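Chain by chain, the residues:
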Amino acid sequence: MRPSPWLRSYLVRNFPLRRLLPDREPAYVTSVLYTMGVLTLASLIVTIMSGTIIALGGVSFWHTNSFGAFMNSIHFWGVQTMFLFMAVHFITSFFTMGWRGGRGWTWITGVLAFILSILTAFTGFLMMTNWDSQWIGQQAKDAFNAIGIGAVWNVMNAGQQITLHVVVTVAVLLFVVSVHIGLIRRRGVAPPPGAEALEVPDVRLQASDRG
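### Re the environment of threonine 47
(1) Moving on: Mapping threonine 47 onto the fold places it in helix 3 (residues 36-57).
(2) Moving on: Assessed through its relative accessible area of 8%, threonine 47 is described here as buried.
(3) Moving on: Separated by 100 residues in the primary sequence, threonine 47 and isoleucine 147 place their C-alpha atoms 31 Å from one another.
(4) Moving on: When neighbours within four sequence positions are excluded, threonine 47 is seen to be in contact with His75, Gly78 and Val79.

Pasting the structure below:
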């Protein structure tokens, strides 16, 4: 079975190795504000790794085992740092107009990843199997019933929330984040307003965009 010539040419044209694995970056990425995206990604990786260990331990792992409680703390603080870095990244991208230069879909996938992160965190709080999760579920069920989805999404069902959190929402979030990173590598990092001349040029990519 031969690879699709169309798919191969599309990937080579839109995602050249010099973009996916760059050896040069614009001077403005040395700013601390431009590290918020990669710090968000690093926090997400820590959160997923700790969450995987917790999921393998079972639903009572973080209540009855000291190592499980430790990994639960790592998971919790990974989420907190992820949202902190993501919020700064979001605000920075907004005020620097990160959608300029054909980066509209990069912005859209970033916003979508932010929304999915909130949804994933919500299902995570619902599956903690403690008094906090019970209180959150009780407060949320009336709202879900009011908008007509309570019969499908039962926030008081911890088993359903575990499936949503571990399988569904995380999988969708990882897909959107992967697309977001791919678009960043394709278009490059958005420059601050007025610093467009500092972007590292890519002749092949510019030619393909014109074509």
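### Structural notes on the side chain of serine 50
(1) Moving on: As for its position among the elements, serine 50 is in helix 3.
(2) Moving on: According to the relative accessible area criterion, serine 50 is buried, its value standing at 1%.

### Looking at the side chain of serine 133
(1) Moving on: Residue position: serine 133 is located in helix 7 (residues 131-146).
(2) Moving on: Since its relative accessible area comes to 7%, serine 133 is described here as buried.
(3) Moving on: Among residues more than four places away in sequence, those in contact with serine 133 are Phe125, Leu126 and Met128.

### Digging into the environment of glycine 188
(1) Moving on: Along the chain, glycine 188 falls in the loop between helix 8 (158-187) and helix 9 (203-210).
(2) Moving on: Linking glycine 188 and glycine 101, residues 87 residues apart in sequence, is a C-alpha distance of 9.6 Å.

### Comments concerning the nonpolar core
(1) Moving on: In terms of nonpolar packing, the biggest core is built from eight residues, these being Leu44, Met82, Met86, Ala113, Leu116, Leu173, Val176 and Val177.
(2) Moving on: Elements supplying a minimum of two residues to this core: helix 5 (66-95), helix 6 (104-126) and helix 8.
(3) Moving on: For this core, the element with the most residues is helix 8, which contributes three residues.
(4) Moving on: The contacts of leucine 44, once residues within four sequence positions are left out, are Met82, Leu173, Leu174 and Val177.
(5) Moving on: Counting residues in hydrophobic clusters, the runner-up holds six residues, among them Ala140, Trp153, Val155 and Leu164.

### Details of the packing of helix 5 against helix 6
(1) Moving on: Interhelical geometry of helix 5 versus helix 6 gives an angle of 155° and a closest axis separation of 11 Å. Between helix 5 and helix 6, the interaxial angle falls into the category roughly antiparallel. For the element pair helix 5 and helix 6, the recorded crossing hand is left-handed. Contacts between helix 5 and helix 6 involve Phe76, Met82, Phe83, Met86, Phe90, Ser93 and Phe94 from the first element and Trp107, Val111, Phe114, Ser117, Ile118, Ala121 and Phe125 from the second.
(2) Moving on: By residue class, the composition of the contact of helix 5 with helix 6 is twelve nonpolar, two polar and no charged.

### Observations concerning helix 5
An α-helical turn contains 3.6 residues, so any two residues separated by three or four positions project in the same direction.
(1) Moving on: In this model helix 5 runs 44 Å from its N-terminal to its C-terminal C-alpha over 30 residues, within 8% of the 44 Å that 1.5 Å per residue would give.
(2) Moving on: Among the residues making up helix 5, those that are buried are Gly68, Met71, His75, Gly78, Val79, Met82, Met86, Thr92 and Ser93.
(3) Moving on: Here the buried face of helix 5 lies against helix 3, helix 4 (61-64), helix 6 and helix 8.
(4) Moving on: The N-capping residue of helix 5, defined by a side-chain oxygen 2.8 Å from the backbone nitrogen of phenylalanine 67, is asparagine 65.
(5) Moving on: Of the residues flanking the end of helix 5, it is methionine 97, one or two places downstream, whose phi is positive at about 55°.

Here is what the cut-offs are and how they apply
- Residues numbered from 1 in each chain as written.
- Predicted model: local features only at pLDDT ≥ 70, side-chain atom pairs only at ≥ 80, totals over all residues.
- Heavy atoms only, no water.
- Helix = DSSP H or I, 4+ residues; strand = E, 2+ residues; numbered from the N terminus.
- Buried < 20%, exposed > 50% of the residue type's maximum accessible area, 1.4 Å probe, protein only.
- Contact = heavy atoms within 4.5 Å.
- Core = buried A, V, L, I, M, F, W, Y, C linked by side-chain atoms within 4.5 Å.
- Axes fitted to C-alpha atoms, helices over the stretch in contact; angles between N-to-C directions.
- Parallel < 35°, antiparallel > 145°, perpendicular 65-115°, else oblique.
- Left-handed = near helix turned anticlockwise from the far one by under 90°.
- Nonpolar A, V, L, I, M, F, W, Y, C, P; charged D, E, K, R; others polar.
- Expected span 1.5 Å × (residues − 1).
- Polar contact = N/O pair within 3.5 Å; in protein donor to acceptor, adjacent residues only side chain to side chain.

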